[in-house]
Amino acid sequence: MSHNINITNLSGHDQDFEVHGWNSNQNMTVPAGQTFVISAADGSSGAIIALHFGFEGEQAEITKDGFGGKPRRDEYRLFILLNPRIGNDFIDMSNIMGAGGNMTVQQVNNPSTRKGDPIFMQNLNTAWQAADGPTKQSLQPCVQLDGNGNVVRIAAIKDYPQLETFVRSFADGQTYIGNGAWGGSSGNPSDNNQSSAAQGDTDIQVTYNDGDATPPTTAVSQFKKPGSKLVQTHQRDASPSGPGIILNNHTSSQQTYAFYNNYWNGNDTAGANFDHQDPTVQVDANGSLFVSLPTSFKGRVQRGTQLPATWVEFQIAASNDNAAHGDISLEQGCDGAATISATDGSGQSNGFTNDVLSGAPAAAIQDKPDGTPALATTVGNWMSGPNQAAIDWENQAVGQSKAYIQGGTGVPDVASTNQSAKGWDGLIFQLFEDALAPGVVSVTEAGQTITGGEVLERRGWGA
């Protein structure tokens, strides 16, 4: 049996949500004043997570009709261990990953099951304004302020003990603040109580607002998520114009490639985009495609939208030299080989072409949600921590000189300076193994994943 999860955005702006467990694990953007409805099968578990400035914030954690399997994220509570009443929904609100807005969750038309502080951010700012100087100074690393000195986002509470103490001063007992009973810890009783069961198995209401997130008493209009448009493309035999890259697919089947522009870029840092990809493109078997991209693009391209995946990180035009820069990263997994080469005559190239999946130890493998095998992350993410077997295997089979395995240094930067000379204003990358005509950079091995952009670090490229 299946029920609905209604996600209502009462704010005056569109709001992005990360979805795990439902909606094909695809993110959604709910327009201002509207509701998005997703289907949730009984026995399923997942979370609806509000995103702020590219960071995860408040999240509604839900298990439909009792415990239906292992939670999908390390942050989820083990609801059923605390209240093993099969047949009831288990819901709670959590701020352990941060906050930037107000959110509540409850069973539809049953306020007695409501979890979360509907004015969390207002209470946060009241406490912040009343805090003394030493308290504010201790919180500076984990509090983001606007120009008026108001808190607009807090970082993951789990990473800052001083932030947990501060949030408990005004929200204790209303939301998950600490880790609760988890990983051998008995947790905080106030957090543990958040995992109490609801009443039966019904539809779930998640409500977001910058102001009061108390669910509305009248229906909010629903909307259908629009389909995405393809990035403008050209056939390979056409003359590419404008900035972009050329993708080559050397497999015997059509492949889908997804682009992710970084959320932000700074001095030797960047905000990796895990949840809001640009439109995808399809490349026919043994075909190639030119994909238009702005010169401001700094990010990656990968095969499909799921992790683990090989990333080819690139930027179209660095501000310090106007050249294209790129590298290969296996930090968020590896689903195939990739190479990147400059075709400006410099002969620069890097990456690897060998099949690293064959022969990999079983402990290094983590299947994608669609069942496709891949090597697991080497640095960790919301699904798991660093996989030592994958680290050891990739160091043996690939090596840090050819791809980023655990960050650090030693991976040569591939740069191409031909864009201005050829008049293409940024045509730099080709995602395939073979070198092309001068004036392009090549990337990737036969049909295997590709990616792009500054991601977890800037790798020392120009800003």
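Anyway, here's the lowdown on the structure attached to this text.

What counts as what
- Residues numbered from 1 in each chain as written.
- Predicted model: local features only at pLDDT ≥ 70, side-chain atom pairs only at ≥ 80, totals over all residues.
- Heavy atoms only, no water.
- Helix = DSSP H or I, 4+ residues; strand = E, 2+ residues; numbered from the N terminus.
- Buried < 20%, exposed > 50% of the residue type's maximum accessible area, 1.4 Å probe, protein only.
- Contact = heavy atoms within 4.5 Å.
- Areas by Shrake-Rupley, 256 points an atom, 1.4 Å probe, with all protein chains shown as cover.
- Patch = residues over 30% accessible without salt bridge, like charges linked within 9 Å, V, L, I, M, F, W, Y side chains within 5 Å.
- Salt bridge = Lys/Arg side-chain N within 4 Å of Asp/Glu carboxyl O.
- Axes fitted to C-alpha atoms, helices over the stretch in contact; angles between N-to-C directions.
- Parallel < 35°, antiparallel > 145°, perpendicular 65-115°, else oblique.
- Left-handed = near helix turned anticlockwise from the far one by under 90°.
- 1 Å grid on protein atoms, 1.4 Å probe; cavity = no way out; pocket = protein on both sides within 12 Å on 5 of 7 lines; lining within 4 Å.
- Points joined across faces, edges and corners; volume = space filled by probe spheres on them.
- Nonpolar A, V, L, I, M, F, W, Y, C, P; charged D, E, K, R; others polar.
- Pairing = 2+ DSSP bridges.
- Polar contact = N/O pair within 3.5 Å; in protein donor to acceptor, adjacent residues only side chain to side chain.
- Phe/Tyr/Trp six-rings, centres within 6.5 Å; stacked < 30°, edge-to-face > 60°.
- Lys NZ or Arg CZ within 6 Å of the ring centre and 35° of its normal.

1. Thoughts on the overall build of the protein chain
Then, number 1: Counting its secondary structure elements, the protein chain contains seven helices and 27 strands.
Then, number 2: Across the 463 residues in the protein chain, those meeting the buried criterion constitute 54%.
Then, number 3: Once local pairs closer than 6 in sequence are excluded, the contacts in the protein chain between residues at least 24 apart make up 64%.
Then, number 4: Carbon and sulfur atoms form 48% of the exposed surface of the protein chain, whose accessible area is close to 18000 Å².

2. Description of a nonpolar patch on the surface
Then, number 1: A surface patch of nonpolar side chains, about 290 Å² in accessible area, is lined by F53, F55 and W264.
Then, number 2: Here F55 shows up in strand β6 (residues 55-63).
Then, number 3: Under the relative-accessibility criterion, F55 is labelled partly exposed at 32%.

3. Focus on the pattern of salt bridges
Then, number 1: As enumerated under the stated definition, the model contains five salt bridges in all.
Then, number 2: Here E164 ties to R168 by a salt bridge, and the two come within 3.1 Å at their closest N and O atoms. Of this pair, E164 and R168 both sit in helix α4 (residues 161-171), four residues apart, roughly one helical turn.
Then, number 3: Residue E164 is classed as partly exposed on the basis of its relative accessible area of 25%.

4. A closer look at unusual backbone geometry
Then, number 1: Along the chain, L307 connects to P308 via a cis peptide bond; the corresponding omega equals 5°.
Then, number 2: Its location among the elements puts P308 in the loop between β20 (298-303) and β21 (311-315).
Then, number 3: Its identity as a non-glycine residue notwithstanding, F53 has a phi of 55°, on the positive side.
Then, number 4: Assignment of secondary structure puts F53 in the loop between β5 (45-52) and β6.

5. Description of the environment of L124
Then, number 1: For L124, the location among the structural elements is in helix α2 (residues 120-130).
Then, number 2: Sequence separation of L124 and S169 is 45 residues, and the distance between their C-alpha atoms is 9.3 Å.

6. Focus: α4
Then, number 1: Burial in α4 covers these residues: L163, F166, V167, R168, F170 and A171.
Then, number 2: Where α4 is buried, its residues meet α2, α3 (133-139), β11 (151-154) and α5 (189-192).
Then, number 3: Count one or two residues on from α4 and you reach G173, which has phi positive near 90°.

7. Some points on the packing of α2 against α4
Then, number 1: As a packed pair, α2 and α4 sit with axes 9 Å apart at the nearest point and diverge in direction by 115°. The angle between the axes of α2 and α4 places the two elements in the roughly perpendicular class. Crossing handedness for the pair α2 and α4: right-handed. From α2, F120, N123, L124, A127 and W128 reach across to α4, where they touch F166, V167, F170 and A171.

8. A few points about empty space enclosed by the protein
Then, number 1: Following the criterion strictly, the structure yields one cavity of 30 Å³ or more and no others.
Then, number 2: Reported here for the largest cavity is a volume of approximately 50 Å³.
Then, number 3: Along the walls of the largest cavity sit E58, M93, N95, G101, N102, M103, G116, D117, F120 and T175, which together make up its complete lining.
Then, number 4: Tallied by class, residues from the lining of the largest cavity come to three nonpolar, five polar and two charged.

9. A word on the sheet that holds strand β3 (residues 28-30)
Then, number 1: Strand order in the open sheet formed by five strands is β3-β2-β5-β6-β7, and the pairing between neighbours is antiparallel. In this open sheet, the two strands that pair with only one neighbour each are β3 and β7 (90-94). Mean inter-strand twist for the sheet, computed between neighbouring axes without regard to direction, equals 25°.
Then, number 2: The sheet contact formed by strand β2 (residues 15-20) and β3 spans three bridges and is antiparallel. Bridging across to β3, Q15 finds its partner in V30.

10. Side note on the pairing of β2
Then, number 1: A large share of β2 lies buried, amounting to five of its six residues.
Then, number 2: Pairing of β2 with β5, which is carried by four bridges, proceeds in the antiparallel orientation. If you follow H20 over to β5, its bridge partner there is A47.

11. With respect to helix α6 (residues 388-397)
Then, number 1: Among the residues making up α6, those that are buried are A390, I391, W393 and E394.
Then, number 2: Once α6 finishes, G399 follows within two positions and takes phi at roughly 95°, a positive value.

12. Regarding the side chain of T8
Then, number 1: Topologically, T8 is positioned in strand β1 (residues 2-9).
Then, number 2: Judged by relative accessible area, which is 2%, T8 ranks as buried.
Then, number 3: At 2.7 Å, the side chain of T8 and the side chain of T35 are in polar contact.
Then, number 4: A polar atom in the side chain of T8 sits 2.8 Å from the side chain of Q205.

13. Some points on the packing of aromatic side chains
Then, number 1: Enumeration over the complete set of coordinates arrives at five aromatic pairs.
Then, number 2: Ring geometry for F259 versus F297: centroids 6.4 Å apart, planes at 80°, classification edge-to-face. Highlighted residues: F259 in strand β15 (residues 255-261) and F297 in the loop between β19 (288-292) and β20, separated in sequence by 38 residues. Per residue, the accessibility class of F259 equals that of F297, and both read buried.
Then, number 3: Against the face of F55 rests R153, its NZ or CZ located 4.1 Å from the ring centre.
Then, number 4: Residue placement shows R300 over the ring face of W311; its charged tip is 3.7 Å from the ring centre.

14. Some points on the environment of A127
Then, number 1: Secondary-structure assignment places A127 in helix α2.
Then, number 2: Residues A127 and V167, 40 residues apart in the sequence, show an inter-C-alpha distance of 8.6 Å.
Then, number 3: When residues no more than four places from it in sequence are discounted, the contact partners of A127 are F166 and F170.

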